[in-house]
Amino acid sequence: MSNINIPAKPALLSPMGWLAFMACVLLLAVLTPLLNLYVAVDNPLHVSDFVVSLVGKIMCYAICALAMDLIWGYTGILSLGHGLFFALGGYAMGMYLMRQIGLDGNYKSELPDFMVFLNWKALPWHWYFSDSFIATLVFIVLAPGLLAAVFGYFAFRSRIKGVYFSIITQAMTFAFMLLFFRNETGFGGNNGFTDFKRILGITIATPNMRMVLFVMTALTLLGFFLMARWLVQSKFGRVLQAIRDAESRVMFCGYSPLPYKLSIWVISAVMCGVAGALYVPQVGIINPSEMSPANSIEIAVWAAVGGRGSLLGPILGAFMVNGGKSWLTVVAPEFWLYVLGALFIAVTLFMPQGVLGLWTKARQAWLSNEAAS
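Residues numbered from 1 in each chain as written. Predicted model: local features only at pLDDT ≥ 70, side-chain atom pairs only at ≥ 80, totals over all residues. Heavy atoms only, no water.

Section: the overall build of the chain
So, point 1. A tally of helices and strands in the chain yields 13 helices and four strands.
So, point 2. On C-alpha atoms alone, the chain measures out to a radius of gyration of 22 Å, which is about the 21 Å that the 2.2 N^0.38 rule sets for 373 residues.
So, point 3. Dimensions along the principal axes, computed over C-alpha positions, put the chain at roughly 80 × 60 × 45 Å.
So, point 4. Within the chain, contacts between residues separated by at least 24 positions form 77% of all contacts whose residues are at least 6 apart in sequence.
So, point 5. When the accessible surface of the chain is split by element, carbon and sulfur atoms take 68% of a total near 19300 Å².
So, point 6. Taken together, the 22 basic and 15 acidic charged side chains of the chain have centroids lying 13 Å from each other. (Helix = DSSP H or I, 4+ residues; strand = E, 2+ residues; numbered from the N terminus. Rg over C-alpha atoms; globule rule 2.2 N^0.38 Å. Contact = heavy atoms within 4.5 Å. Areas by Shrake-Rupley, 256 points an atom, 1.4 Å probe, with all protein chains shown as cover. Lys, Arg positive; Asp, Glu negative; His and termini not counted. Charge placed at Lys NZ, Arg CZ, Asp CG, Glu CD.)

Some points on the state of the cysteines
So, point 1. Counted according to the given criterion, the structure contains zero disulfides.
So, point 2. No disulfide involves cysteine 24; its nearest neighbouring cysteine sulfur is the one of cysteine 60, lying 16 Å away.
So, point 3. The thiol of cysteine 60 is unpaired, and the distance to the nearest cysteine sulfur, on cysteine 64, comes to 7.8 Å.
So, point 4. What makes cysteine 60 buried here is its relative accessible area of 0%. (Disulfide = S-S within 2.5 Å. Buried < 20%, exposed > 50% of the residue type's maximum accessible area, 1.4 Å probe, protein only.)

A few points about helix α2 (residues 49-73)
So, point 1. Taking 1.5 Å per residue, 25 residues should reach 36 Å; α2 reaches 34 Å between its end C-alpha atoms and fits that length.
So, point 2. Among the 25 residues of α2, 19 are classified as buried, and the element is accordingly described as predominantly covered. (Expected span 1.5 Å × (residues − 1).)

What about the packing of aromatic side chains?
So, point 1. This structure, assessed with the given rule, holds 22 aromatic pairs.
So, point 2. Look at tyrosine 61 and phenylalanine 86: their rings are 6.3 Å apart centre to centre, the planes differ by 45°, and that puts the pair in the tilted class. Highlighted residues: tyrosine 61 in helix α2 and phenylalanine 86 in helix α3 (residues 82-101), separated in sequence by 25 residues. The exposure classification of tyrosine 61 matches that of phenylalanine 86, with both residues buried. (Phe/Tyr/Trp six-rings, centres within 6.5 Å; stacked < 30°, edge-to-face > 60°.)

Re the packing of α3 against helix α6 (residues 162-181)
So, point 1. Two numbers describe how α3 lies on α6: the axes approach to 10 Å, and their chain directions differ by 30°. Relative to α6, α3 is oriented roughly parallel. Across the interface between the two elements, Leu84, Phe85, Leu88 and Tyr91 from α3 touch Met172, Thr173, Phe176 and Phe180 from α6. (Axes fitted to C-alpha atoms, helices over the stretch in contact; angles between N-to-C directions. Parallel < 35°, antiparallel > 145°, perpendicular 65-115°, else oblique.)

So, the pattern of salt bridges
So, point 1. Across all of its chains, the model carries nine salt bridges by this definition.
So, point 2. In this structure, the salt-bridge partner of aspartate 49 is arginine 210, at a minimum N-O distance of 3.1 Å. Of the two residues, aspartate 49 sits in helix α2 while arginine 210 sits in helix α7 (residues 207-233), which places them 161 residues apart along the sequence.
So, point 3. Taking the relative accessible area as the measure of exposure, aspartate 49 reaches 39% and is therefore partly exposed.
So, point 4. A salt bridge links aspartate 131 to arginine 99; its shortest N-O distance comes to 3.9 Å. Pair noted here: aspartate 131 is in the loop between α4 (113-117) and α5 (133-157) and arginine 99 is in helix α3, with a separation of 32 residues, a long-range link. (Salt bridge = Lys/Arg side-chain N within 4 Å of Asp/Glu carboxyl O.)

Geometry only, nothing functional implied.
Rendered as structure tokens:
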């Protein structure tokens, strides 16, 4: 009887990969705080508060792009509704931050200002545990996770896939956006939540707290990257990729795609919820516009530009697109949406593997030329 050679499980990261990972940890969690807090403003090495705020915000977007890559790049499920999960996590954190304002609001009431303005006399039922930070952490995970689980179960059980699934997710996001715009839902209506004062009793608008949030976001992004890397290299990840490539063959092999698709769908939604929770205290506002279909489409654009199915590519795409957006919306804001649409079309037609794919092809060509010579 011949022996069957089972390939060894690949390392989570290569030695060079671990070196690059630790360099990112040192850069984001050690060097950036030192250059921002302890280097004089007039020093060329000083990292400004604007850069810290911008990079912190983009890292939250990068988490969403990474989540999109897990379901689109590795499972073949294109969601146009991930902005909803991002916003739900943001609203869960925003509710806690609104309760932290206490009597410092404009109306000097225990109720949030918008409730006093609307003549509400008591908190609605879904605000009851919003003053607890522990409960808030639970809701940040539970709100997007539970919605994704219920929606995903019925969608995947009905074998809805392809463009039909994408349209349904976009419709769901739009429906929730309209719901949150209504004042009677108790989520601040059109204005949402803003004017945050404290988190865990500590003033938010201080350099130290801003840097704590920045470092937490960076470590969360890097942690999710390692988790995603572990997932896609596991047996679970190989089944996901098989579902992406040929779902019917996976079924013929005796695997039910439903639990695999539902699991990665919920994990992806929770990642977006965590990103939204980290985003809100850094930008200081959350409103229903975060649920707009355009925001969800942008998440897909980040993944496509960077390169689907690579984990690193979507993170790169989030930084490239949002860095360009930050610059172009100042120089020529009226052209941004046209540039974004043209970018998505160009990537789809000419760079299906994204920017990271171009780099990989160029590197392989260079290595081939070196070997030939």
